[in-house]
Amino acid sequence: MRIFFISGILLLPQFGHSLCVSVSQANLRAEPKASSKLLWTVGRYMPLLEVDYQNGWYLVKDLEGKKMWIYSSLVSEDFDCAVIKVNATNLRSMPNTTAPQTPLSVAYKYQPFKKLQREENWLYLQDSYGGKHWVIDRNLWEPLEYTRVSY
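Not measured: the values here are computed from a predicted model.

K.L.:
Go over the overall build of the protein chain, please, and point to the residues and values.
P.N.:
Regarding its fold elements, the protein chain presents zero helices and 17 strands. A buried classification covers 38% of the 151 residues belonging to the protein chain. Here the contacts in the protein chain between residues at least 6 apart in sequence split such that 53% fall between residues at least 24 apart.

K.L.:
With reference to specific residues and values, describe the pairing of strand 14 (residues 122-126).
P.N.:
Of all five residues that make up strand 14, four are buried, and the element is covered over most of its length. Summarising the sheet, strand 13 (residues 112-119) and strand 14 pair through five bridges and their orientation is antiparallel. Residue pairing for strand 14: Glu 119 is matched across the bridge by Trp 122. Counted between consecutive antiparallel strands, the loop separating strand 13 from strand 14 contains two residues, among which Glu 120 sits at a positive phi close to 55°. Relative to strand 15 (residues 132-136), strand 14 is paired through five bridges, and the arrangement is antiparallel. Opposite Tyr 124, over in strand 15, you have Trp 134 as the bridge partner. Here strand 14 hands over to strand 15 after five residues, with Gly 130 in that stretch at a positive phi of 100°.

K.L.:
Report on unusual backbone geometry, specifying residues and quantitative values.
P.N.:
With a phi close to 45°, Asn 55 is a non-glycine residue in the positive phi region. Under the relative-accessibility criterion, Asn 55 is labelled exposed at 74%. Unusually for a residue other than glycine, Tyr 110 sits at a positive phi of about 80°. Structurally, the position occupied by Tyr 110 is in the loop between strand 12 (101-108) and strand 13. Accessibility expressed as a relative area gives 33% for Tyr 110, which makes it partly exposed.

K.L.:
Could you give an account of the state of the cysteines, with specific residues and numbers?
P.N.:
As enumerated under the stated definition, the model contains one disulfide in all. At a sulfur-sulfur separation of 2.0 Å, the disulfide partner of Cys 20 is Cys 81. On the S-S bond that ties Cys 20 to Cys 81, the torsion sits near -100°, and the link is left-handed. Taken as a pair, Cys 20 in strand 3 (residues 18-21) and Cys 81 in strand 10 (residues 81-84) lie far apart in primary sequence, 61 residues in all. Note on Cys 20: relative accessible area 1%, which makes it buried.

K.L.:
Residue-level account of the nonpolar core, with values.
P.N.:
Counting residues in hydrophobic clusters, the biggest one holds 16 residues, and the most contacted among them are Val 21, Leu 28, Leu 48, Val 60, Ile 70 and Val 75. Of all elements in the fold, only strand 3, strand 4 (25-29), strand 6 (47-54), strand 7 (57-61) and strand 8 (67-71) reach the threshold of two or more residues within this core. What Val 60 contacts, discounting residues up to four positions off in sequence, is Leu 19, Leu 28, Leu 48, Leu 49, Glu 50, Val 51, Lys 66, Lys 67, Met 68 and Ile 70. Counting nine residues, the second largest nonpolar core, distinct from the first, contains Ala 82, Leu 91, Ala 107 and Phe 113.

K.L.:
Account for the side chain of Glu 142, naming residues and giving values.
P.N.:
Following the sequence through the fold, Glu 142 ends up in the loop between strand 16 (140-141) and strand 17 (145-150). At 2.5 Å, the side chain of Glu 142 forms a polar contact with the side chain of Lys 115. For Glu 142, the side chain forms a polar contact with the side chain of Arg 118, separated by 2.7 Å. Once you skip the residues sitting within four places of it in the chain, Glu 142 turns out to touch Cys 81, Ala 82, Lys 115, Arg 118 and Leu 123.

Conventions adopted
Residues numbered from 1 in each chain as written. Predicted model: local features only at pLDDT ≥ 70, side-chain atom pairs only at ≥ 80, totals over all residues. Heavy atoms only, no water. Helix = DSSP H or I, 4+ residues; strand = E, 2+ residues; numbered from the N terminus. Buried < 20%, exposed > 50% of the residue type's maximum accessible area, 1.4 Å probe, protein only. Contact = heavy atoms within 4.5 Å. Pairing = 2+ DSSP bridges. Disulfide = S-S within 2.5 Å. Core = buried A, V, L, I, M, F, W, Y, C linked by side-chain atoms within 4.5 Å. Polar contact = N/O pair within 3.5 Å; in protein donor to acceptor, adjacent residues only side chain to side chain.

Written out as structure tokens, the structure is:
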């Protein structure tokens, strides 16, 4: 868990609001109904931040902060996930910058992963095909929301 102090403000992460796409393909919509305009289609392990819930639909934010709706049966809180937030990042076989790259070699922005383990500032991730890779955490977006507490 990370706690941040910024000029007299304590930022505490809130847990329990992160959702991960649990199916191979999921549609994100403009409104909470199946007939609503399709805004984005994402794959398994895409992380989303829960904002609201209405009649079986979650209002979520993505890594860009855009709000969309997803049907509740398409997501899960049973595992954690992350997505690449930079244009490209190396996928390593061990948690250091000099380790050999994995066979996939590079991941690109918006590629989602299931989180398996954390070691300092590295995350061990699994892609939707079962491949496992180490990625430095500054290149990832994890759906955390922070609470501000002033002191």
